[in-house]
Amino acid sequence: MNAPVKAPALDIAAIRAQFPILKRQINGHPLVYLDSAASAQKPDSVIDAVSNVYRQSYANVHRGLHTLANEATTAFEAARETVANFLNVARPEEIVFTRGATEAVNLVAFSLGESLGEGDAIIISQMEHHSNIVPWLLLAERKGAVVRWARVTDDGALDMAHLESLIGQRTKLLAITHMSNVLGTVNDARAITEMAHAKGVPVLFDGAQAAVHLPVDVRAIGCDFYVFTGHKLYGPSGAGALYAKGDWLERLGPWQGGGEMIADVYEDRVTFADVPHKFEAGTPAIADVIGMAAAIKWLSQFDKNAIMAHEAALYGQAAAGLRDIPGARIIGTAPGKGAILSFSVDGLHAHDLAQIMDRYGVAVRAGHHCAQPLMRRFGVTSTARASFAIYNTPADAGAFIAAVAKAREFLI
Ligand SMILES: *Cc1c(COP(=O)(O)O)cnc(C)c1O
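Quick notes on the rules
Residues numbered from 1 in each chain as written. Predicted model: local features only at pLDDT ≥ 70, side-chain atom pairs only at ≥ 80, totals over all residues. Heavy atoms only, no water. Core = buried A, V, L, I, M, F, W, Y, C linked by side-chain atoms within 4.5 Å. Buried < 20%, exposed > 50% of the residue type's maximum accessible area, 1.4 Å probe, protein only. Helix = DSSP H or I, 4+ residues; strand = E, 2+ residues; numbered from the N terminus. Domains from an automatic or database assignment. Axes fitted to C-alpha atoms, helices over the stretch in contact; angles between N-to-C directions. Left-handed = near helix turned anticlockwise from the far one by under 90°. Contact = heavy atoms within 4.5 Å. Nonpolar A, V, L, I, M, F, W, Y, C, P; charged D, E, K, R; others polar. Near = heavy atom within 4 Å. Polar contact = N/O pair within 3.5 Å; in protein donor to acceptor, adjacent residues only side chain to side chain. Areas by Shrake-Rupley, 256 points an atom, 1.4 Å probe, with all protein chains shown as cover. Expected span 1.5 Å × (residues − 1). 1 Å grid on protein atoms, 1.4 Å probe; cavity = no way out; pocket = protein on both sides within 12 Å on 5 of 7 lines; lining within 4 Å. Points joined across faces, edges and corners; volume = space filled by probe spheres on them.

K.L.:
Just checking my understanding: could you explain the nonpolar core for this structure?
P.N.:
One broad rule of soluble globular proteins: the nonpolar side chains tend to lie buried together. Core analysis: the largest hydrophobic core is formed by 85 residues, its most contacted members being Leu87, Leu174, Tyr226, Phe228, Tyr234 and Tyr391. The leading source of residues in this core is helix H11 (residues 286–300), at eleven residues. Here this core spans two domains, since at least three of its residues come from each of domain 1 (12–36 + 304–411) and domain 2 (47–300). Membership of the second largest hydrophobic core comes to 31 residues, among which are Val96, Ile122, Trp136 and Leu249.

K.L.:
How do you make sense of the packing of helix H13 (residues 350–359) against helix H15 (residues 394–411) when you look at a structure like this?
P.N.:
Each pair of packed helices can be described by the angle between their axes along with the distance between the axes. Running from N to C, H13 and H15 cross one another at 120°; their axes reach a closest spacing of 9 Å. For the element pair H13 and H15, the recorded crossing hand is right-handed. Note on element contacts: H15 touches H13 through Phe400, Ala403, Val404, Ala407, Phe410 and Leu411, opposite Asp352, Leu353, Ile356, Met357 and Arg359. Tallied by class, the residues present in the contact of H13 with H15 amount to nine nonpolar, no polar and two charged.

K.L.:
Which parts of the structure should I look at to understand the environment of Leu233?
P.N.:
Along the polypeptide, Leu233 turns up in the loop between strand E9 (225–229) and strand E10 (240–244). Take Leu233: its relative accessible area is 0%, and that puts it in the buried class. Between the C-alpha atom of Leu233 and that of Met292, which follows or precedes it by 59 residues, the distance is 8.1 Å. Other than its neighbours up to four places away in sequence, Leu233 contacts Phe86, Ala211, Val212, Phe228, Ala295, Ile296 and Leu299.

K.L.:
So what exactly am I meant to see when it comes to the site of the ligand here?
P.N.:
Taken together, 13 residues sit near the ligand, with Thr102, Asp206, Gln209, Thr229 and Lys232 positioned nearest. Between an oxygen atom of the ligand and a main-chain N or O atom of Ala101, the distance comes to 3.2 Å. Coverage of the ligand by the protein chains reaches 88% of its 380 Å² of free accessible surface. Class assignment of the residues belonging to the shell around the ligand gives a composition of two nonpolar, nine polar and two charged.

K.L.:
Whenever I open this one, helix H2 (residues 44–56) confuses me. Can you help?
P.N.:
Within an α-helix, residues lying three or four positions from one another point in the same direction, as the helix has 3.6 residues per turn. Between the first and last C-alpha of H2 there are 17 Å, a value that for 13 residues agrees with the 18 Å anticipated at 1.5 Å per step. Those residues of H2 that are buried lie in contact with H11.

K.L.:
Would you explain empty space enclosed by the protein in this entry?
P.N.:
If a probe as big as a water molecule is rolled over the atoms, it shows which places are left empty. In the structure shown here, the tally under the stated rule is one cavity of 30 Å³ or more. Estimates place the volume of the largest cavity at around 50 Å³. Contributing to the lining of the largest cavity are Ser36, Ala37, Gln209, Val212, His213, Lys232, Tyr234, Ile340, Ser387, Phe388 and Ala389. Of the residues that constitute the lining of the largest cavity, the class distribution is six nonpolar, four polar and one charged. Here the lining of the largest cavity spans two domains, since at least three of its residues come from each of domain 1 (12–36 + 304–411) and domain 2 (47–300).

Taken by themselves, the reported measurements are silent on function.
Laid out in structure tokens, this is it:
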């Protein structure tokens, strides 16, 4: 057996120094940013990449005949290659740029959804984000299709046996999150794909969280579709991507019409551009896509296993501290989960908790986290959530626990 490869240690101080916003004071305290699962902060290299587009090389992309248009197009299409490499995609043409994970799911729900009929089924799970629920509910309404829900176990794992039992003759797609934004649960994407493909059913993964924290290799997973969003992986908001394997994009029709996605337009008909441009109607988020590529390059200089180990240690520290606080309850304890800590404290509303923690400079999210069916599954209307990222420190985890304890003193 090979000895386990030891991940190189991360220099967190040097990493933090690259994030200007982390120098801020909030309410007289140093910022403790524990809301990266909602959106991550941006390093200098990303901020500079976006700024440089506008300062140096900005013009609309594609079909341009002047220098700036060529430079912008080259950078934009290079970003497609960066995304393709990031996910280990075979060809850059299998990547469609979107506004984010939400738009990518909507694209599939529309274009693949066109072929659905009455009684066809889409399978999702109880731990999905609304962006991987609502597009399917809209599709179901449009086509008379049904959405089936795979159950989540009490510790926050996906019930794989139940998922398998739902797959039937009329199942047209499994659309499942790779990592839950509430529970931190990491689903076994490869096992899910094998299970579905054995029954001839394609699979989409929502990688909005997983792409940030886990090494993602879509060819090893074998899935048909994978979506992610740039702003959670230290990139700008407004850019994300859809991966569609092989000839899926050729087989699907466009979902939006407009400029950029056409070959020829006549008074009575239209022919479409080649993929992936057929799915990119209108002027894209040029600078944000280029900024997303800069974020991926920035993130890729670090070993993902080292990042996971770092974040897991912070999670462990915070979770242990929380266990010492009377009435605190952690939601989501599945083995192998990522560094997302959803919790409640008896007698305390999550919103009050988050507001008091903010007085100490600690930023956590409180609410339903765009996952209301999951909240109902666990019998709550909201939770507070601390999420750990590459730039967080043991001092942040300590400040988190101190702030929860203070909030409890105040309110109980
Ligand atoms: C944030 C998130 C989304 C949506 O991402 P957008 O950038 O809002 O499109 C989808 N799924 C999960 C799991 C998320 O965490």
